[in-house]
Amino acid sequence: MFRTFWMVAVLLAGFLFTSCGSDDSGNNQSPSGDEDSLLESYEELEDIGPLVDLVDPFIGTGGTGFGVGAAVPGAKAPFGMIFPSPDTTSENGAFGFYHCGGYYDPDLMIEGFSHTHLHGVGAQEYGNLMFVPLAGTMTDERTAVESYRSTFSKDTETASPGYYAVTLDNGGIGVELTATERAAHHRYRYPAEEASSTGTVFIDVSQVVTDGEVSDSEVSVDIENRRIEGWLINHHGFSGRYGGITVYFSIRFRQDVTAWGTVREGWLKPEVAEQVGASTGAYLEFDTSGGAEIELQVALSFVSVEQARLNLETEMPDWDFDATRAKTEQMWEDELSVVTFKGGTEEQQVIMATALYHAFLMPDLFMDVDGQYRGFDLEIHTAEDFVYYTDFSMWDTYRTLHPLLTLVRPERQADMLQSLVMMANQGGSLPKWPMGVGYTDCMIGTPADVVIADSYVKGIRDFDAEDAYRFMLEHAEGPVDKAGREDVESYNTYGYCTVDTAGGSVSKTMEHAIADFAIAQMAEAMGKTEDAELYNEHSTRYRNLWDAENQFFTGRHTDGTFVKDYDFLEWEEFYTEGNSWQYLWLAPHDPFGLRDLFGSDDAMKEKLEEFFEKAVTERENWSALNDLLPPAYYWHGNEPDIHAPYLFLYVSRPDLTQKWVHWVAKELYSTQPDGIAGNDDCGTLSAWYVFSALGFYPLAGSDTYWIGSPIFPYAELDLGDGVTLVVEAPNASAENIYVQNVTLNGEALDVPWFSHADIAEGGKIVFEMGPEPSDWGKLKQ
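To start, this report covers the structure provided alongside it. As the structure is a prediction and not an experimental result, all values here were calculated from the model.

Take the sheet that holds strand β33 (residues 753-755) next. Spatially, three strands are ordered β27-β28-β33 in an open sheet, and the strand pairing comes out antiparallel. In this open sheet, the two edge strands, each paired with only one partner strand, are β27 (696-698) and β33. On average, each strand axis in the sheet is inclined to that of its neighbour by 30°, with strand direction left out of account. With three bridges joining them, strand β28 (residues 704-707) and β33 adopt antiparallel strand pairing. In the strand pairing of β33, Tyr705 is matched with Phe754.

This is the structure in C-alpha cells:
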C-alpha cells in the first residue's frame, strides 16, 4: 500500500512457476485413489525441520520505487510491542520512502538500533529510542547522527526470528539483539585488539526514522541503580495525524560505568541526571580495555514509565541473553507451526516460512503485562479477558492477513476484533488504519467491516459482536466524526460516490460496496434478515459506475454522466492508487455480477487474460525507469487487484487461475531482498503467498474459499482446539500445476470453491495435479 503523499517523491527519486511443488527427485507420486498409498508418498518426503531455521527476515528489505518491500529485519516476538532493529542510511542520507521501516538493504551505514517499527508499510513512522554503541569516549560532536553512524559489511549480518546481529566497522563492535514481547536485550562485544580502552553507548531519545520528529521528551539517569528512564512524544506520518504518541521507556545496564551523563541540544551534560526538551539523550562509558561485553535491556509502555519498568522486570528478570533468544525462538516456532508443509524446493520452503513469519509480525501488542493500555480516549484501561492490539493496516490486511489469522489463529483474531470494538467505544467509531492511540484515517472505505464480518461468519464469536455491528451500520448509514465512509452521503443518495464531491470516487464506491456485502453476510449470520437483504442490494452499487461504452468503471457526475476522454492507464483523480485496469476487478464479492457487465464468460475472460498478458509484456520490458513508476496492469504490490487471478473461476476457466497464480508466485516472490513485489503492508502480500501456496484463497467478508493450485505436496493447518486440516497434492511439481480433480473430506468437489463450514471441524483436501489443463471446476452453463 502506497500513500498519496509519497507519490511525487517516488516518481522523482520462466512463465510457469518452475520451482512449484517438489524437485524431480521422485518424491511426488501420482495419487492412486488409495489413501494408504498417498500416505506412503508423504512419508518419503524429507522433513524440512524447524520452520524458524528457514525464515529469512532480509526478504523484502530491498526493492526500488514501487517495489520496496519495507520489511524490518530486527528482533521481534510474534505480534510483539517492541521491535529492536537497525535503522540504516547512505552517505547521502536516507530517502524517506525507502526507509519507512527504518532499514533499507542497499544501505551500507547503520545509524543505530531503535525499538519501534512497523513492518512493510508505505509511510514513515516510529524509529524511537535509538541505541548507538561507539568506540572511544563521548563528545559533543558525536551526538549528531552524521557523526555516530557507522559503515558495516553485509557479510557480518545475521537475522532469524527473535534475533539480529551485525558488526559495526566503527570500532569492530559486535551487536546482538533479541526481544520478548515488550522488552529488548542488547549485547555489544568490544574486540580486545582495538586501541581504545573506552566504549560508549549513546541513547538518542530524539532520533526517529526520516521526516519525523520528537516534539518533547524527558530522560533521567539513576546511576546508582543502573537505570535510565523517560518518555518521548513521537510525531510522524501516522501519529502526527492525531497529535503524536507518547512512548515510555525503562532501560537498565549491566556493567559498571566509568563516566556518564545526559545530552541536551547536542551538548553533553556530564553527571547531570535529567533533561527535558525536544532534543535529549544520555550516554554511558565503560572500560573496554582487553575487550568487553556490554549489555543493556529496555522495555516500553504506552501507559507510564512505571509500567515500562514493570514490563522489563517481568519479562527480563535476569541477564540471560541466550535464554531469552531461545525462548522467543520457541515462541516463533510454535506460532509458525500452525502451518506445516513438506516438499517443494528449498527456495519455496524459505519463501513460505518467511511469509508466515511476516504474517505474524503485526498487528502489535499494545497492553502491558498487567493488562493496562492507553485507549483511543487517551485514558488508561485494563483489558479484561482479552489481549489488546493496535497498528492494523486494514485497507490491505482485510483481504488476506485477517482471513489467515481467522483460519489458523482464531484466538488471536478474536482478541484483535475485541480491540477494534474497544477503539470504537473509546474513540467514537471503528478505525480503518488505527496506529498507536489514534485514528490515522489512512486509505479509504471501512475495512474493519470486512475484517469483523469475515471472522463472525466463520464462527469467531468471542467479542462484542452486537457492538461491532452497531458501529458498522453507523458507517454505512451516515457520516461519523472519525474514520467513517468517505462521501457516504452521495453514495447513499445516488448509489455511487460522485466525482463532484471528492477524489477517488470510483475506488470509494467499490470499497463501500464490498463493505456492504460484508455487513449483509454478518447480518444474515446474526438473523437480521431485513438488514441482510438491504445491504446485499447495496453491495451491487458499484455497478452504477460501469461505463458500457469503454467497459471500465468510470467517474460519474451527480447528473449521471460519465467522465469522458481519460487515460485508462493513468491514475485519474477518481481512482485511489490505481488506474482503470486495476480497479476493473474490484468486485470480488459479486463475480457473477461483474461477468454480466461484460456480457459473457468469454468477454470477461478475454479482458482478464489481456490484463495478465500485458503484465507479462510489461515485466519483460522492465527497466530501471519503470521501477519509479507503478505497473500499468496487474499490480501485485498494491491491493485492489491481488485477487484477480481467482476471477477466472467465474468464467469457467479454473485452469487460467492455476496458471496465473503460479506466475505471480514465481515472478513476484523470491528469497532476495526485493523478494516481495512492493510494500508487504503488515503481512498482506505474505498472507497472499501462504494461501495460494496451500491451494485456496479467501473471499474476504464471506465464508468462501476459492480453489487455486497448491505448491506443496503436503501441508497441515492447525485450526485450533485440536482441529487439523490436511492439504494433499502428492504429484504437484513444476510441471504439474493444473488441477485434475479435488476431493474434500472424501467427496468429489465439482465447483472451484468451498465454504469455511466444510473445514471448520477439520478434514482433508486432496488435489490430483497434472501438466495440462483439465475440465475440472468448469461451471455448468
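Attention now goes to the sheet that holds strand β34 (residues 763-770). Taking strand neighbours across the sheet as the criterion, the six strands line up as β18-β29-β30-β34-β31-β32 in an open arrangement whose pairing is mixed. The open sheet is flanked by β18 (339-342) and β32 (747-748), the only strands paired with a single partner. Bridge analysis of strand β30 (residues 723-728) against β34 gives four bridges, and the strand direction is parallel. Residue pairing across strands places Val727 opposite Ile765, the latter belonging to β34. Sitting on the sheet, helix α8 (residues 401-408) touches β18 and β29 (714-720), and the angle it makes with β29 is about 80°.

This paragraph deals with the environment of Asp531. Relative to the helices and strands, Asp531 is located in helix α14 (residues 529-538). Judged by its relative accessible area of 23%, Asp531 falls in the partly exposed class. Sequence separation between Asp531 and Gln521 is ten residues; the distance between their C-alpha atoms is 9.6 Å. Reaching out from Asp531, the side chain makes a polar contact with the side chain of Tyr469 at a distance of 2.6 Å.

A separate point is the packing of helix α10 (residues 447-457) against helix α11 (residues 465-477). Axis separation between α10 and α11 bottoms out at 10 Å; the angle between their running directions is 140°. On the basis of the axis angle, α10 is oblique to α11. Two packed elements cross with a definite hand, and for α10 against α11 that hand is left-handed. Residue-level inspection shows Asp449, Ile452, Ala453 and Tyr456 of α10 in contact with α11, the latter providing Ala465, Ala468, Met472 and His475. Split into classes, the residues belonging to the contact of α10 with α11 amount to six nonpolar, one polar and one charged.

In this section: the side chain of His589. Inspection of the secondary structure puts His589 in the loop between α15 (580-583) and α16 (591-598). A distance of 2.9 Å separates the side chain of His589 from the backbone oxygen of Ser539, its partner in a polar contact. Apart from the residues lying within four places of it in its own chain, the contact partners of His589 are Ala513, Ile514, Phe517, Ser539, Tyr542 and Leu699.

What follows deals with helix α4 (residues 305-315). Buried within α4 we find Val305, Gln307, Ala308, Asn311, Leu312 and Glu315. Viewed along the axis of α4, the buried residues span an arc of 165°, placing them on a single side of the element. The secondary structure elements touched by the buried residues of α4 are β8 (183-190), β11 (227-235), β12 (245-253), β17 (292-301) and β20 (372-374).

Quick look at unusual backbone geometry now. A cis geometry characterises the amide bond from Met362 onward to Pro363, with omega recorded as 0°. By the secondary structure assignment, Pro363 is in the loop between α6 (346-359) and β19 (364-365). Residue Asp565 is not a glycine yet carries a positive backbone phi of 55°. Tracing the backbone shows Asp565 in the loop between β26 (552-553) and α15. Taking relative accessible area as the criterion, Asp565 reaches 83% and is therefore assigned exposed.

Here is what the cut-offs are and how they apply
Residues numbered from 1 in each chain as written. Predicted model: local features only at pLDDT ≥ 70, side-chain atom pairs only at ≥ 80, totals over all residues. Heavy atoms only, no water. Pairing = 2+ DSSP bridges. Helix = DSSP H or I, 4+ residues; strand = E, 2+ residues; numbered from the N terminus. Axes fitted to C-alpha atoms, helices over the stretch in contact; angles between N-to-C directions. Contact = heavy atoms within 4.5 Å. Buried < 20%, exposed > 50% of the residue type's maximum accessible area, 1.4 Å probe, protein only. Polar contact = N/O pair within 3.5 Å; in protein donor to acceptor, adjacent residues only side chain to side chain. Parallel < 35°, antiparallel > 145°, perpendicular 65-115°, else oblique. Left-handed = near helix turned anticlockwise from the far one by under 90°. Nonpolar A, V, L, I, M, F, W, Y, C, P; charged D, E, K, R; others polar. Arc of directions from axis to C-beta.

Remember, this is a structural readout, not a statement about activity or role.
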